[in-house]
Amino acid sequence: MDENKRKRRGFPPSLYFILPATLTVGIIVAFPLFYAFFMSLFNWPLVGAQRTFIGLGNYLSMFEDNEFINSVLRQVGVVVIAVPIELIIGFFVAILFDRKFPGSKILRSLVLLPAFVLPVLSGLTWRLMLAPQYGPLTYLMQIMGFPNQAWLANPQLAYATVIIQDVWRMWPFMFAFIYGGLMNVPKELIEAAKIDGSGFWNTILKILLPVLEPTIAIAVMFRIVDILRIFPEVYVMTGGGPGDATMLFSLYIQEQAFSFFNIGYASAMSMLLLAVSIVIAIFLAKNVFEANES
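Residues numbered from 1 in each chain as written. Predicted model: local features only at pLDDT ≥ 70, side-chain atom pairs only at ≥ 80, totals over all residues. Heavy atoms only, no water.

Caption draft 1: Structural detail: the overall build of the protein. A count of helices and strands for the protein gives 13 helices and 2 strands. In terms of overall dimensions, the protein has C-alpha extents of about 80 × 75 × 30 Å along its principal axes. Carbon together with sulfur atoms contributes 70% to the accessible area of the protein, which is approximately 17500 Å² in total. Across the protein, the centroid of the 19 positively charged side chains sits 10 Å from that of the 18 negatively charged ones. (Helix = DSSP H or I, 4+ residues; strand = E, 2+ residues; numbered from the N terminus. Areas by Shrake-Rupley, 256 points an atom, 1.4 Å probe, with all protein chains shown as cover. Lys, Arg positive; Asp, Glu negative; His and termini not counted. Charge placed at Lys NZ, Arg CZ, Asp CG, Glu CD.)

Below you can see the structure in the form of structure tokens.
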């Protein structure tokens, strides 16, 4: 009788099994989110003076802060440069491994290894490899006839090194997505294209890219959202330096919070970063759904 009443009221029995986990996750996610938004409405020093309510003052201050604007531009630069390079490398390596050759299974496993390296460990490894006195990469460059460079002490080279490190670590992520998508491409399409005399580039442009478009969009969405919050590897490698050359948006938030003790301002920037990530994810996901429907 009770079960029939629950069915009539629209409460499936499975709801009672997932409800505890749903509430737990909701509290864990919702409380920090709302508390961060609450702090962003205050002039909230971490130590010392009492907090004062300023409403949207922190949000308005961001657009008058040149360091904030420059940090955003640096972050956008990393996204615009690193993600396409990772996508291109991952795409063509996936095409290579889509063909069977001796040792392909072992090599396929090995190329995924950089993606499993912890960001902190990756940043520390690159910092040691580029050390001007004992770094192996610096030594290799000297053997090849290049002058000794203090890579992480030069603003342009440090910024380029941050991008190279991210490309090295995350292109296997793109490879894994695209390789999985290639498994779903009908082999008959490729064979028919070969019979019709379609060349390599023509096959990619007219067959593979249209079929893989949803997979690529999802991979790019995850990478953009992830790279917007890049922090530990850059912090370990350069600490935002030299000067402010690698002071990305995520590092600037940390500096405001724990160097200048301005928790309210840092919370406002964190909320902005979250909002941008959500907008990008919704935009790309919408395009994926539209592509699937069409």
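Caption draft 2: Representation of the nonpolar core in the model. Phe-175, Leu-208, Leu-212 and Met-269 are the most contacted members of the largest nonpolar core, which has 57 residues in total. Broken down by secondary-structure element, the contributors of at least two residues to this core are helix H2 (15–40), helix H3 (57–62), helix H4 (66–97), helix H8 (155–182), helix H10 (200–228), helix H12 (249–258) and helix H13 (263–293). Not counting residues up to four positions away in its chain, the partners in contact with Leu-212 are Phe-91, Ile-178, Gly-181, Leu-182 and Val-185. Ranked by size, the runner-up nonpolar core spans 5 residues in total, among them Trp-126, Leu-130, Trp-151 and Leu-152. (Core = buried A, V, L, I, M, F, W, Y, C linked by side-chain atoms within 4.5 Å. Buried < 20%, exposed > 50% of the residue type's maximum accessible area, 1.4 Å probe, protein only. Contact = heavy atoms within 4.5 Å.)

Caption draft 3: Summary view of unusual backbone geometry. Residue Gly-241 is joined to Pro-242 through a cis peptide bond whose omega torsion reads -5 degrees. Mapped onto the fold, Pro-242 is located in the loop between helix H11 (232–237) and H12.

Caption draft 4: Local environment of a nonpolar patch on the surface. Residues Leu-33, Phe-34, Leu-274, Ile-278 and Ile-282 make up a contiguous nonpolar surface patch of roughly 470 Å² in combined accessible area. By residue number, the principal contributor to the nonpolar patch is H13, which donates 3 residues. Mapped onto the fold, Leu-33 is located in helix H2. (Patch = residues over 30% accessible without salt bridge, like charges linked within 9 Å, V, L, I, M, F, W, Y side chains within 5 Å. Salt bridge = Lys/Arg side-chain N within 4 Å of Asp/Glu carboxyl O.)

Caption draft 5: The arrangement of the side chain of Arg-74 in detail. Along the polypeptide, Arg-74 turns up in helix H4. Within the buried set, Arg-74 has no salt-bridge partner at all; the shortest N-O distance to an opposite charge, 4.6 Å, is to Glu-67. Of the polar contacts made by the side chain of Arg-74, one reaches the backbone oxygen of Met-247; its length is 3.0 Å. Not counting residues up to four positions away in its chain, the partners in contact with Arg-74 are Tyr-159, Asp-244, Ala-245, Met-247 and Leu-248. (Polar contact = N/O pair within 3.5 Å; in protein donor to acceptor, adjacent residues only side chain to side chain.)

Caption draft 6: Structural context of the side chain of Thr-203. By the element assignment, Thr-203 lies in helix H10. Sequence-distant contacts of Thr-203, defined by excluding residues within four places in its chain, comprise Ala-193, Ser-198 and Leu-208.

Caption draft 7: Representation of the packing of aromatic side chains in the model. The final tally for this structure, using the stated rule, is 18 aromatic pairs. Consider the rings of Tyr-35 and Phe-38, whose centres lie 6.2 Å apart with planes at 25 degrees: the pair is stacked. Placement of both Tyr-35 and Phe-38 in helix H2 is noted, with a separation of 3 residues, approximately one turn of the helix. Ring centres 5.4 Å apart and planes at 75 degrees place the aromatic pair Phe-68 and Phe-249 in the edge-to-face group. Here the residue Phe-68 occupies a position in helix H4, and Phe-249 occupies one in helix H12, the gap between them amounting to 181 residues. Judged by relative accessible area, Phe-68 falls into the buried class, the value being 4%. Using a relative accessible area of 6% as the deciding quantity, one classes Phe-249 as buried. In this structure, Arg-51 packs its charged tip against the face of Phe-42, placed 5.9 Å from the ring centre. It is Arg-51 that lies over the ring of Trp-44; its NZ or CZ is 4.5 Å from the centre. (Phe/Tyr/Trp six-rings, centres within 6.5 Å; stacked < 30°, edge-to-face > 60°. Lys NZ or Arg CZ within 6 Å of the ring centre and 35° of its normal.)

Caption draft 8: Representation of the pattern of salt bridges. Applying the stated rule across the entire model yields 5 salt bridges. Here Arg-223 makes a salt bridge to Asp-166, at a shortest N to O gap of 2.7 Å. Of this pair, Arg-223 sits in helix H10 while Asp-166 sits in helix H8, placing them 57 residues apart in sequence. Side by side, Arg-223 and Asp-166 carry an identical accessibility label, which is buried. A salt bridge links Arg-223 to Asp-226; its shortest N-O distance comes to 2.7 Å. Separated by 3 residues within a single helix, Arg-223 and Asp-226 lie in helix H10, roughly one turn from each other. Residue class for Arg-223 comes out buried when judged on its relative accessible area of 0%. Each of the salt bridges in this network shares a partner with another, and the network as a whole consists of Glu-86, Asp-166, Arg-223, Asp-226 and Arg-229.

Caption draft 9: Main features of the environment of Leu-228. Turning to its location among the elements, Leu-228 is positioned in helix H10. Taking the relative accessible area as the measure of exposure, Leu-228 reaches 11% and is therefore buried. The sequence separation of Leu-228 and Val-80 amounts to 148 residues, and the corresponding C-alpha distance is 11 Å. Those residues in contact with Leu-228 that lie beyond four places of it in its chain are Gln-75, Val-79, Ser-250, Leu-273, Val-276, Ser-277 and Ile-280.

Caption draft 10: Quick peek at the environment of Pro-242. By relative accessible area, Pro-242 is classed as partly exposed at 22%. On a C-alpha basis, the gap between Pro-242 and Pro-155 in space is 5.8 Å, while along the polypeptide they are 87 residues apart. Contacts of Pro-242, omitting those with residues within four sequence positions, involve Leu-152, Ala-153, Asn-154, Pro-155 and Ala-158.

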